[in-house]
Amino acid sequence: MEGLKEENLKETRPKAKINEDRIWLSPPHMGGEEKALITEAIDSNWVAPGGPFLRKFEKVLSNFVQCQSSLALSSGTAALHLALRLLGIRQGDEVICSSFTFTASANPILYQGATPVFIDSELETWNMCPNALEQAVQSRIVNGKKPKAIILVHLYGMPAKLGEIIDISKKYKIPLIEDAAEALGSNYKGKALGTFGQMGIYSFNGNKIITTSGGGALVSENPDLIKKALFFATQAKDGAPHYEHSQLGYNYRMSNVCAAIGVAQMKVLSERIRRRREIYAYYEKHLSVIKGIEFLPEPKGFYSNRWLSCILIHPEYIKGVNREQLRLRLLRHNIESRLLWKPLHLQPLYRNFPYFGNKFSERLFERGLCLPSGSALTKDQLDFIIGIIKESF
Ligand SMILES: *Cc1c(COP(=O)(O)O)cnc(C)c1O
């Protein structure tokens, strides 16, 4: 397919001076109270270690997703790593993971010295295909190695086919970890994503639907798991007057200052979800009339936070325009867009690991583009972006 050569995929970085007029893909969007709460954290001297905003942030987060317990961490990646550690994943184990995702979904598998087994997407949600998943599980069992965990990603906020995937996880007794880094506020049949598996993770990185400047969280219905996660996240200190260690720990706790930002951001989360969904609907209304542009509708019972509005561009309908050409054209107008994630089974880091599926995710990668989706986008900016896309076809 044209436009797919590696040199065409290199990100064009903004020049040294940040252009204030640029329309970014998904920039941070402060709610207004962040500054006051950071000041409060500093005035109280709860800058480190720990502090009251951490507990508050965890409480509002648990309430929001209706989950027993949560732990605020330094990143979503750290949360995933802890989840694997808590399940006892170690060298030689196999862990199933969605292929169509960001590298952070799978990296913790390698941190543990385990082997990732990648599963392709289905085309209704773009997430892990239940058929390919079951095929993989059976094939690995025949091979003599039952996978120890499933990392299920809800990409761009869209819920995966949880009904079928939970059935498989139960049938074969393989624990499920939900990577809901992009899907805070999404739900499946009314229940929050991240709360279906044994554990779920969220990310509060700068480009996510809300941010703590950098951070993540681990959630679980089992408070004992979260207690253990806290132990590992704070260097695994055994109870002793001196520092005594019998296990390997990490420095993964979120800081109280970041948690203060998180508390302020949680107050506007519902509004952020509403606005992201509105932006998606606006693109869909104005662009779905173009033959060759396809959107991803929500199946019944699936509710996406629409973290990023994504389109597929089918070049067979529109001569000479593919997603990379559109990305470059938008960039010339100072608009940042991004190709869909390159499937992990195609990444140089991961291409020698097992993969099951029908290459649907490769098709998505070859055709997909994420459009600017920040909740602070104005109607004028959206109309400007839509105008340029329309002009391109
Ligand atoms: C952002 C992201 C992560 C990692 O979160 P960080 O907080 O950046 O470590 C993991 N998985 C997916 C799908 C993500 O988009």
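All figures in this text were calculated on a predicted structure; none of them were measured in a lab.

Caption draft 1: Structural detail: the overall build of the protein. Looking only at helices and strands, one finds 13 helices and 15 strands in the protein. Within the protein, contacts between residues separated by at least 24 positions form 72% of all contacts whose residues are at least 6 apart in sequence. Of the roughly 17,500 Å² of accessible surface on the protein, 52% is carried by carbon and sulfur atoms. Positive and negative side-chain charges of the protein, numbering 50 and 39 respectively, have mean locations separated by a distance of 1 Å.

Caption draft 2: Representation of the packing of helix H4 (residues 76–86) against helix H8 (residues 223–233) in the model. Viewed as axis vectors pointing N to C, H4 and H8 meet at an angle of 115 degrees, and their least axial separation amounts to 10 Å. By the angle between their axes, H4 is roughly perpendicular relative to H8. Crossing hand, H4 versus H8: right-handed. Residue-level inspection shows Leu82, Arg85 and Leu86 of H4 in contact with H8, the latter providing Leu225, Lys228, Ala229, Phe232 and Ala233.

Caption draft 3: Summary view of the site of the ligand. Taken together, 15 residues lie near the ligand, and Thr77, Asp179, Glu182, Ser203 and Lys208 sit nearest. Lys208 has a polar side-chain atom sitting 3.3 Å from an oxygen atom of the ligand. When the ligand sits alone it has 380 Å² of accessible area, and the protein chains cover 95% of it. Class assignment for the residues of the shell around the ligand results in 4 nonpolar, 8 polar and 3 charged.

Caption draft 4: Just the packing of aromatic side chains, in detail. Within this structure, the stated rule accounts for 13 aromatic pairs. On the basis of an interplanar angle of 15 degrees and a centroid distance of 6.3 Å, the ring pair of Tyr156 and Trp307 is categorised as stacked. Of this pair, Tyr156 sits in the loop between strand E4 (149–153) and helix H7 (162–171) while Trp307 sits in the loop between strand E11 (302–303) and strand E12 (309–313); the two residues are 151 residues apart in sequence, bridging distant segments of the chain. Accessibility assignment for this pair places Tyr156 and Trp307 in one class, buried. Where Tyr250 meets Tyr252, the ring centres are 5.0 Å apart and the plane angle is 10 degrees; that geometry is what we call stacked. Grouping residues by exposure puts Tyr250 and Tyr252 together as buried. Over the ring of Phe196 we find Lys191, and its NZ or CZ is 5.3 Å from the ring centre. The cationic tip of Arg323 hangs over the ring face of Phe365; the distance from NZ or CZ to the ring centre is 5.1 Å.

Caption draft 5: Structural context of the environment of Leu86. For Leu86, the location among the structural elements is in helix H4. For the pair formed by Leu86 and Tyr188, sequence separation is 102 residues and the distance between their alpha carbons is 26 Å. Residues within four places of Leu86 in sequence aside, it is in contact with Met199, Leu218, Leu225, Lys228, Ala229 and Phe232.

Caption draft 6: Focus on the sheet that holds strand E6 (residues 187–188). The strand order across the open sheet formed by 3 strands is E7-E6-E11, and the pairing between neighbours is antiparallel. This sheet does not close on itself; its edge strands, each paired only once, are strand E7 (191–192) and E11. As paired elements, E6 and E11 share 2 bridges and run antiparallel to each other. In the sheet register, Asn187 faces E11, and the bridge partner there is Tyr303.

Caption draft 7: Spatial organisation of the domain arrangement of the protein. Looking at the protein, the domain boundaries give domain 1 (3–29 + 269–392) and domain 2 (34–266). For domain 1 versus domain 2, the distance between C-alpha centres works out to 25 Å. At the junction of the two partners, domain 1 supplies 43 residues and domain 2 supplies 50 residues. The contact between domain 1 and domain 2 buries some 4,100 Å² in all, and 67% of this surface belongs to carbon and sulfur atoms. The largest per-residue losses of area from domain 1 upon contact with domain 2 belong to Leu269, Trp341 and Phe356, which jointly make up 21% of the total buried on that side. Taken together, domain 1 and domain 2 are joined by 0 salt bridges. In terms of residues, the side of domain 1 that touches domain 2 owes the most to one element, helix H10 (residues 269–287), which gives 5 residues. Counted by class, the side of domain 1 that touches domain 2 contains 26 nonpolar, 10 polar and 7 charged residues.

Reading the values: the criteria
Residues numbered from 1 in each chain as written. Predicted model: local features only at pLDDT ≥ 70, side-chain atom pairs only at ≥ 80, totals over all residues. Heavy atoms only, no water. Helix = DSSP H or I, 4+ residues; strand = E, 2+ residues; numbered from the N terminus. Contact = heavy atoms within 4.5 Å. Areas by Shrake-Rupley, 256 points an atom, 1.4 Å probe, with all protein chains shown as cover. Lys, Arg positive; Asp, Glu negative; His and termini not counted. Charge placed at Lys NZ, Arg CZ, Asp CG, Glu CD. Axes fitted to C-alpha atoms, helices over the stretch in contact; angles between N-to-C directions. Parallel < 35°, antiparallel > 145°, perpendicular 65-115°, else oblique. Left-handed = near helix turned anticlockwise from the far one by under 90°. Near = heavy atom within 4 Å. Polar contact = N/O pair within 3.5 Å; in protein donor to acceptor, adjacent residues only side chain to side chain. Nonpolar A, V, L, I, M, F, W, Y, C, P; charged D, E, K, R; others polar. Phe/Tyr/Trp six-rings, centres within 6.5 Å; stacked < 30°, edge-to-face > 60°. Buried < 20%, exposed > 50% of the residue type's maximum accessible area, 1.4 Å probe, protein only. Lys NZ or Arg CZ within 6 Å of the ring centre and 35° of its normal. Pairing = 2+ DSSP bridges. Domains from an automatic or database assignment. Buried area = accessible area lost by both parts, 1.4 Å probe. Salt bridge = Lys/Arg side-chain N within 4 Å of Asp/Glu carboxyl O.

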